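Summary of the model geometry
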Amino acid sequence: MPHAFLGRFANPSTLKEISPENLLLFFDPFRGYLTKRDYELPSNPSEQIDYEALAAILANPDGDFPRDLAQRLYLVHEMATDRGMQDLLEAAPPGLLTVDGRDSTAADVALQVLLRDRPLLERTHAEQFLIRTRSFYVCRGPGKPNDSLPDCSGAVTTAISPDLDEWFDKHGRGRGSKVFTFLRPAEDEVWFLVRHGQPMRRQGTLDEGESSSVFFRPEVFDVVIYHRLLDSLIVHTDLKGVRELYRKTFGKRVFRNEDYFSADGNYTLQPLKDKRAGALDCEDIEEISSVTLQELEIFVGKARGIFHSIKGDDVFAYLAESRTRVPKGFWNKAVLRIVFSDTLKPRTVTIWPPSRTSYTRDDDRLPVEELLRTNGFVLGSRETEDEEAEEVLGGTGRQASAPRRQARAAKSSRK
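Residues numbered from 1 in each chain as written. Predicted model: local features only at pLDDT ≥ 70, side-chain atom pairs only at ≥ 80, totals over all residues. Heavy atoms only, no water.

**Some details on the packing of aromatic side chains**
Let me state the cut-off plainly: Stacked, edge-to-face and tilted are the three classes for Phe, Tyr and Trp ring pairs, Trp counted by its six-membered ring, which pair at centre distances within 6.5 Å; planes under 30 degrees apart are stacked, over 60 edge-to-face, the rest tilted. The helix count covers DSSP runs of H or I at least four residues long, the strand count covers runs of E at least two residues long, and both are numbered beginning at the N terminus. Type-normalised accessible area, obtained with a 1.4 Å probe on protein chains alone, sets the label of each residue: buried when under 20%, exposed when over 50%, and partly exposed for intermediate values.
This structure, assessed with the given rule, holds twelve aromatic pairs. Both rings, one in Tyr33 and one in Phe65, keep their centres 5.6 Å apart while their planes meet at 75°; by these two values the pair is edge-to-face. With a gap of 32 residues between them, Tyr33 in helix α3 (residues 31-36) and Phe65 in the loop between α4 (51-59) and α5 (67-79) connect regions that are remote in the sequence. In this pair, the class of Tyr33 matches that of Phe65, namely buried. Arranged with centres 5.9 Å apart and planes meeting at 85°, the rings of Trp167 and Phe168 form a pair that is edge-to-face. Since its relative accessible area comes to 0%, Phe168 is described here as buried. A connected cluster of aromatic rings, assembled from ring pairs, spans Tyr226, Phe255, Tyr260 and Phe261.

Below, the structure written as structure tokens:
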């Protein structure tokens with residue numbers, strides 16, 4: 001756990017925002033460590049608390065700084081905001097808290113939830129990461145919408161973490177991953193938030209003039225979404241290996257088949273090739289007012305990995321007016337300029353076939369997915385593709401994978 005955030009608690013005024021009763025309860029399990037650092041924690045809230053001395057210890061964590069204390073401080077730090085307080089007050093069951101937000105600080109609320117129901121604090125904190133996600137990789141299922149959302153009960157979710165831990169531990173990220181599940185029936189989705197470790201890091205510290213260091217494992221949150229209508233797994237993570245891990249593990253545990261979701265991708269830019277501006281029709285999408293192509297990137301050099309990029313306010317209008325011919329090659333990336341109905345300021349959506357999309361704002365994803373699906377950017381069911389390929393090639397089924405081979409070749413050459 002990084003200690004950079006401890007700077008917030010290194011300020012005595014921040015510690016004073018917390019009631020003495022809650023502050024003593026919070027630090028009581030770590031009384032022995034504080035004593036080693038020459039600080040005697042009062043045993044009674046009526047006693048004077050030396051906030052300056054306590055803040056100085058937090059400002060200079062040594063190599064023995066308790067990891068659980070760092071984790072607790074991190075959670076309180078993250079949730080001691082106006083929004084965090086509101087979320088906690090709404091999530092807390094009746095009778096859990098003795099504070100109500102009217103005569104207490106956000107730090108008081110966060111700290112009391114931690115003391116009385118730490119899993120609730122962790123879950124509410126984790127839920128905040130769901131709205132920060134703007135880039136996704138999509139893995140298709142068989143393509144036929146299921147009648148209902150899959151079983152994601154505690155038993156199913158609990159079985160996922162041990163599978164993930166095997167991979168994380170083997171690849172230097174440690175064990176102890178945790179999966180939070182959020183049902184969103186209104187969107188026909190289940191959201192999974194995966195908390196896991198990153199490779200160990202060492203950070204230099206200064207303790208009373210002596211140079212030292214802290215060795216810790218940072219944590220990271222990944223988002224995995226199952227969309228019932230698309231029958232797809234939508235993944236947000238930075239590592240290719242972790243994407244593959246999630247594809248297999250969630251397929252295995254949720255659908256009892258680790259290859260339920262395909263690694264072949266979900267998107268195609270073929271509609272732009274075939275229909276040009278006609279592929280950007282949004283008349284039936286209530287949330288979207290207009291769509292134009294702002295950038296087109298084409299992979300044109302097989303031997304040397306050359307990419308040709310065309311950028312502008314409206315690429316198709318420029319091509320038509322200038323009578324410019326589009327170079328032959330694999331259409332590798334498209335950036336759409338979208339004006340949404342709730343604002344006049346345009347936002348962008350980027351598509352990298354066969355699997356990745358990126359959004360300016362996280363809640364743009366659902367209307368954009370509808371736009372892409374309606375206009376043919378989302379590939380059909382795998383079963384239908386296999387049948388069509390067999391009809392064309394007399395049962396060999398080879399042609400269906402050609403666009404994907406081109407996409408993989410383009411990615412490889414870029415690396």
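**Regarding the nonpolar core**
Keep this limit in mind: To form a nonpolar core, buried Ala, Val, Leu, Ile, Met, Phe, Trp, Tyr and Cys residues must be joined to one another through side-chain atoms within 4.5 Å. Residue contacts are defined here by distance: any two heavy atoms, one from each residue, within 4.5 Å place the two residues in contact.
Within the largest apolar cluster, 42 residues are counted, with the highest numbers of intra-cluster contacts made by Leu272, Leu293 and Ile338. Ignoring anything within four residues of it in the chain, the contact list for Ile338 reads Ile288, Ser290, Val291, Pro346, Arg347, Val349, Val368 and Leu371. Counting residues in hydrophobic clusters, the runner-up holds 40 residues, among them Phe9, Leu23, Phe27 and Tyr33.

**So, the sheet that holds strand β6 (residues 219-227)**
Strand pairing in a sheet takes place through backbone hydrogen bonds and is either antiparallel or parallel in direction. What counts is decided by this rule: Here, any two strands with at least 2 DSSP bridges between them count as paired. To define axes, lines are fitted to C-alpha atoms, for helices over the stretch in contact only, and angles between the resulting N-to-C directions are given on a 0 to 180 degree scale.
With antiparallel pairing, ten strands are arranged side by side in an open sheet as β2-β3-β6-β7-β1-β12-β11-β10-β8-β9. With partners counted over all chains shown, the strands left at the sheet margins are β2 (178-184) and β9 (307-311), one partner each. When the angles between neighbouring strand axes are averaged without regard to direction, this sheet yields 20°. When strand β1 (residues 135-140) meets strand β12 (residues 356-359), the two strands line up antiparallel, connected through three bridges. Of the residues in β12, the one forming a bridge with Phe136 is Thr357.

**Describing the pattern of salt bridges**
Put simply, the test is: What counts as a salt bridge is simple: a side-chain nitrogen of Lys or Arg found within 4 Å of a carboxyl oxygen of Asp or Glu.
On inspection of all chains with the given rule, the structure shows 19 salt bridges. Arg365 is the partner of Glu189 in a salt bridge, and the nearest nitrogen-oxygen pair spans 2.8 Å. One end of the pair, Glu189, is in strand β3 (residues 189-197); the other, Arg365, is in helix α13 (residues 365-374), and 176 residues separate them in sequence. For the pair shown, Glu189 and Arg365 are each scored as buried. Close ionic contact of Lys333 with Glu295 constitutes a salt bridge, the shortest N to O distance being 3.5 Å. In this pair, Lys333 sits in strand β10 (residues 330-340) while Glu295 sits in strand β8 (residues 288-299), placing the two residues 38 residues apart along the sequence. Neither Lys333 nor Glu295 differs from the other in exposure class; each is buried. The network of salt bridges with shared partners includes Asp68, Arg72, Arg118, Glu122 and Lys178.

**Considerations on the side chain of Ser177**
The residue Ser177 is located in the loop between α9 (154-170) and β2 in this model. On the basis of relative accessible area, Ser177 is assigned to the buried category, the value being 10%. Beyond its immediate stretch of four places on either side in the chain, Ser177 contacts Ser161, Leu164, Asp165, Phe168, Arg195 and His196.

**Examining the side chain of Asp165**
Stated precisely, the cut-off is as follows: His is not counted, nor are the chain ends, whereas Lys and Arg count as positive and Asp and Glu as negative.
By secondary structure assignment, the location of Asp165 is in helix α9. Although Asp165 lies buried, it forms no salt bridge, and the closest oppositely charged side chain, Arg175, sits 4.8 Å away as judged by the N-O distance.

**Section: the confidence of the model for the protein chain**
What counts is decided by this rule: Looking at any residue, its pLDDT shows the predictor's confidence there, from 0 to 100.
Here the protein chain averages 82 in pLDDT, while 83% of its residues score no lower than 70. Between residues 381-415, whose pLDDT stays under 50, and residues either more than four places distant or in other chains, the model counts 44 contacts.

**So, empty space enclosed by the protein**
The condition is simple: Note on definitions: the grid is 1 Å and covers protein atoms alone; a cavity is a set of points where a 1.4 Å probe fits but cannot get out; a pocket is an open set with protein on both sides within 12 Å along at least five of seven lines; lining residues have an atom within 4 Å of a point. Grid points are joined across faces, edges and corners, and a volume is the space filled by probe spheres set on the points. Three categories are distinguished: nonpolar for Ala, Val, Leu, Ile, Met, Phe, Trp, Tyr, Cys and Pro, charged for Asp, Glu, Lys and Arg, and polar for the others, with Gly belonging to the last.
Under the counting rule described, the total for this entry stands at one cavity of 30 Å³ or more. Space inside the largest cavity adds up to approximately 30 Å³. Lining the largest cavity, in full, are Pro150, Phe192, Tyr226, Leu233, Phe250, Val254, Phe255 and Phe261. Per-element tally for the lining of the largest cavity: the top contributor is helix α10 (residues 240-255), with three residues. Per-class residue counts for the lining of the largest cavity are eight nonpolar, no polar and no charged.

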